[in-house]
Amino acid sequence: SQQGEEDPQALSIQEGENATMNCSYKTSINNLQWYRQNSGRGLVHLILIRSNEREKHSGRLRVTLDTSKKSSSLLITASRAADTASYFCATVRTDSWGKLQFGAGTQVVVTP
Amino acid sequence: DSGVTQTPKHLITATGQRVTLRCSPRSGDLSVYWYQQSLDQGLQFLIQYYNGEERAKGNILERFSAQQFPDLHSELNLSSLELGDSALYFCASSPGQGAVLGGYTFGSGTRLTVV
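Residues numbered from 1 in each chain as written. Chains lettered and ligands numbered in written order. Predicted model: local features only at pLDDT ≥ 70, side-chain atom pairs only at ≥ 80, totals over all residues. Heavy atoms only, no water.

S.K.: Help me get a handle on the environment of R55 of chain B, residues and values and all.
M.R.: Residue and element names in this part refer to chain B. With respect to the secondary-structure elements, R55 resides in strand 6 (residues 53-57). As for R55 and L21, which are separated by 34 residues in sequence, their C-alpha atoms are 19 Å apart. There is a polar contact of 2.6 Å between the side chain of R55 and the side chain of Q97. (Helix = DSSP H or I, 4+ residues; strand = E, 2+ residues; numbered from the N terminus. Polar contact = N/O pair within 3.5 Å; in protein donor to acceptor, adjacent residues only side chain to side chain.)

S.K.: Please provide a residue-by-residue account of the sheet that holds strand 3 (residues 19-24) of chain A, values included.
M.R.: All names here are of chain A. Taken together, the 5 strands give an open sheet; going across it, the order is 1-3-8-7-6, and neighbouring strands pair in antiparallel fashion. Edge positions in the sheet fall to strand 1 (5-7) and strand 6 (55-58), since each of these pairs with one other strand and no more. Taken pair by pair, the neighbouring strands of this sheet meet at an average axis angle of 20°, ignoring direction. Two elements, strand 6 and strand 7 (residues 61-66), share 4 bridges in a ladder whose sense is antiparallel. Within strand 7, the position partnered with S58 by the bridge is L61. (Pairing = 2+ DSSP bridges. Axes fitted to C-alpha atoms, helices over the stretch in contact; angles between N-to-C directions.)

S.K.: Can you explain the pattern of salt bridges? Please cite residues and give values.
M.R.: Residue and element names in this part refer to chain A. Enumeration over the complete set of coordinates arrives at 7 salt bridges over all chains. The residue D83 makes a salt bridge to R60 at a minimum N-O spacing of 2.9 Å. In this pair, D83 is assigned in the loop between strand 8 (71-76) and strand 9 (85-93) and R60 in the loop between strand 6 and strand 7, connecting sequence segments 23 residues apart. For D83, a relative accessible area of 7% puts it in the buried group. (Salt bridge = Lys/Arg side-chain N within 4 Å of Asp/Glu carboxyl O. Buried < 20%, exposed > 50% of the residue type's maximum accessible area, 1.4 Å probe, protein only.)

S.K.: Any details on the state of the cysteines? Residues and values, ideally.
M.R.: This model, assessed by the stated rule, comprises 2 disulfides over all chains. Between the sulfur of C23 of chain A and that of C89 of chain A lies a disulfide, 2.0 Å long from S to S. Between C23 of chain A and C89 of chain A the disulfide shows an S-S torsion of about 60°. By sign, it is right-handed. Taken together, the residues span a long stretch of sequence, with C23 of chain A in strand 3 and C89 of chain A in strand 9 at a distance of 66 residues. Accessibility classification places C23 of chain A together with C89 of chain A in one group, the buried group. Covalent S-S linkage joins C23 of chain B and C91 of chain B, the inter-sulfur distance amounting to 1.8 Å. Around the S-S axis, the bridge from C23 of chain B to C91 of chain B shows a dihedral of about -50° and counts as left-handed. (Disulfide = S-S within 2.5 Å.)

S.K.: Could you give me a rundown of the packing of aromatic side chains, with the residues and numbers involved?
M.R.: Residues and elements named next belong to chain B. One pass over the structure, following the stated rule, counts 11 aromatic pairs over all chains. Aromatic side chains F64 and Y89 sit 6.5 Å apart centroid to centroid with 70° between the ring planes, which places their arrangement in the edge-to-face category. With F64 in strand 7 (residues 64-68) and Y89 in strand 9 (residues 87-94), this pair connects stretches of sequence that are 25 residues apart. Exposure remark for F64: the relative accessible area of 6% places this residue in the buried category. (Phe/Tyr/Trp six-rings, centres within 6.5 Å; stacked < 30°, edge-to-face > 60°.)

S.K.: Summarise unusual backbone geometry; cite the residues concerned and give the values.
M.R.: Cis geometry is adopted by the peptide bond preceding P8 of chain A, which originates at D7 of chain A and carries an omega value of 0°. The step from T7 of chain B to P8 of chain B runs through a cis peptide bond, and the omega angle for that step is -10°. Summarising the element assignment, P8 of chain B is placed in the loop between strand 1 (5-7) and strand 2 (10-13). Despite not being glycine, K70 of chain A has its phi angle at roughly 50°, a positive value. For K70 of chain A, the location among the structural elements is in the loop between strand 7 and strand 8.

Below, the structure written as structure tokens:
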């Protein structure tokens, strides 16, 4: 079963707008990671946030983590057409020896 | 190029057949992970090897097996193939035994179609 559940399943925005997607998970985690997948390609690691961190930035990406609510959000600011992809959250559970478990993903379409 | 090499990129085979997917991890990475991605199941973890030893098993069918060789490349063997095995199979690698310190590096995948 999926550890993380992303919301929304799909998101369509215009270039320049911000895109926000959320991830909820069920068990205690060591860290949470976000990945991007362009259509039919391999996943690319975007950012990792540890369980003792609340917010992290990387370029136009901002990730938050609320361990009390077991949720995370990924914000992409000033989106570009090249940001069109599926975005997955993945968790490393404290009891799973570092194994990544992925959610179902959010499909983001950015139109020029 | 991520540094993780998967071959072949595409594979079309008939039900009942056996195939082997190959993965070379990024230079210096000791762990290899296999994932299956399908529309209905999403990304499912299959198995992990670290420096030649099996470390973790996920939702891997008994018809599937894997190994990691001394040169650290890995092979995933799928036998008695069924239509439902059609999927994208990804290999990923990491320096250590898991994702506690960092993320995985993924290959571009092998698209398996069973007809």
